[in-house]
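One-letter residues, chain by chain:
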Amino acid sequence: MNFIRQFRNPSLIGLAFMSAVALFTQAATAETITGKSGNVQAQISYDKPEEFQYKNVRLQITRAGKRILEQKLPQDSEYDRPIGEFDAQKNQIPVRDLDGNKEPEVIADFFTGGAHCCLYSLIYRYDSKSQQYKQIRHEWGNAGYQLKDVDKDGIPEFNSRDDRFAYAFSSYAASGYPLQIWQYRQGKMVDVTRRYPKLIASNTKELWQTYQEIRQQGDDGKGFLAAYLASKYMLGQGQDGWRQVQQAYKKSDRAQFFTDLRKFLRETGYIK
Ligand SMILES: [Ca+2]
Ligand SMILES: [Ca+2]
């Protein structure tokens, strides 16, 4: 096909113009994600993304068909992509009772783009006094979360990991993470990880196993030792953890590593 001849053909130029109009119309079409629980319905809409930019991202919440909230969502930038529930098969907005007061909350999740980072949630709670929704924002870093009722009391927890350990002592791929579990209570996120020693213990075991595997692959294992020691502190076994870490890590930078690790675990609140 001869492109120039094609382009000179006026009817084809007309066609090109038509398809440009069609593209423009398509760009203006909104895409939506929805979620529902009882009589509470949530919808996030945004213009069809162009160049990875998500414009005009709006959240609407209705109760029994009555619109209570309709607002443009506060993205950090237009590259923040609205997404459905993390780790879930269905692309839906989580509309779940997160604190057990029989009133569902609405979670708007965003992914900021880039290789890993970052994920954050905007959590909306209905305030019956003002009859309005109130919002908080929670940062997940690279970790994201999974809504899971870990203690089977009928109220979901946010199952996550401590993302402050990403890149702390190694590359991203060689970083290990202590478990982190959050609950949403009285409109706030609370770190409740230490209430679940069995889950911490099983994660601690996994961290040690992965440490051994990664050592066999030639990594120094610092990323997993750090997470392992933090986990041991959560179990009240900090001393035992140190003994193991000091036995395991024999490289020439060990004194510096132990100093840095102690400082990091203090700063992150594992060593009180
Ligand atoms: Ca609730
Ligand atoms: Ca629960």
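Definitions and cut-offs
- Residues numbered from 1 in each chain as written.
- Chains lettered and ligands numbered in written order.
- Predicted model: local features only at pLDDT ≥ 70, side-chain atom pairs only at ≥ 80, totals over all residues.
- Heavy atoms only, no water.
- Donors = N, O, S within 2.8 Å, 3.2 Å for Na, K, Ca; no water.
- Tetrahedral: all angles 85-135°; square planar, octahedral: opposite > 155°, others 65-115°.
- Buried < 20%, exposed > 50% of the residue type's maximum accessible area, 1.4 Å probe, protein only.
- Helix = DSSP H or I, 4+ residues; strand = E, 2+ residues; numbered from the N terminus.
- Core = buried A, V, L, I, M, F, W, Y, C linked by side-chain atoms within 4.5 Å.
- Contact = heavy atoms within 4.5 Å.

As recorded by an unreviewed UniProt entry, the chain carries the name WD-40 repeat-containing protein and is attributed to Calothrix parietina FACHB-288.

J.: Account for the coordination of the calcium ion (ligand 1), with residues named and values stated.
T.: Looking at the metal site, the calcium ion (ligand 1) is ligated by Asp97 (OD), Asp99 (OD), Asn101 (OD1), Glu103 (O), Glu105 (OE) and Glu105 (OE), spaced 2.2 to 2.6 Å from it. Coordination at the calcium ion (ligand 1) comes from six donor atoms whose angles at the metal span 53 to 177°, giving a geometry best classed as irregular. In the primary sequence, the donor residues of the calcium ion (ligand 1) line up as D-x1-D-x1-N-x1-E-x1-E. In this structure Asp97 comes out as partly exposed when scored by relative accessible area, which is 21%.

J.: Describe unusual backbone geometry, with residues and values.
T.: Non-glycine residue Glu51 carries a positive phi angle of around 50°. The topology assignment puts Glu51 in the loop between strand E2 (40–47) and strand E3 (58–63). Backbone geometry places Gln186, a non-glycine residue, at a positive phi of 45°. Following the sequence through the fold, Gln186 ends up in the loop between strand E12 (179–185) and strand E13 (188–191).

J.: I'd like a rundown of the nonpolar core, residues and numbers included.
T.: Phe165, Leu225, Val245, Phe257, Leu261 and Leu265 are the most contacted members of the largest nonpolar core, which totals 34 residues. For this core, the secondary-structure elements that each account for two or more residues are E12, helix H3 (197–216), helix H4 (222–234), helix H5 (238–248) and helix H6 (254–267). Every residue in contact with Phe257, bar those within four places of it in the chain, is listed here: Phe169, Lys222, Leu225 and Tyr249. Residues Ile33, Val95, Ala108 and Tyr133 belong to the second largest nonpolar core, which totals 21 residues.

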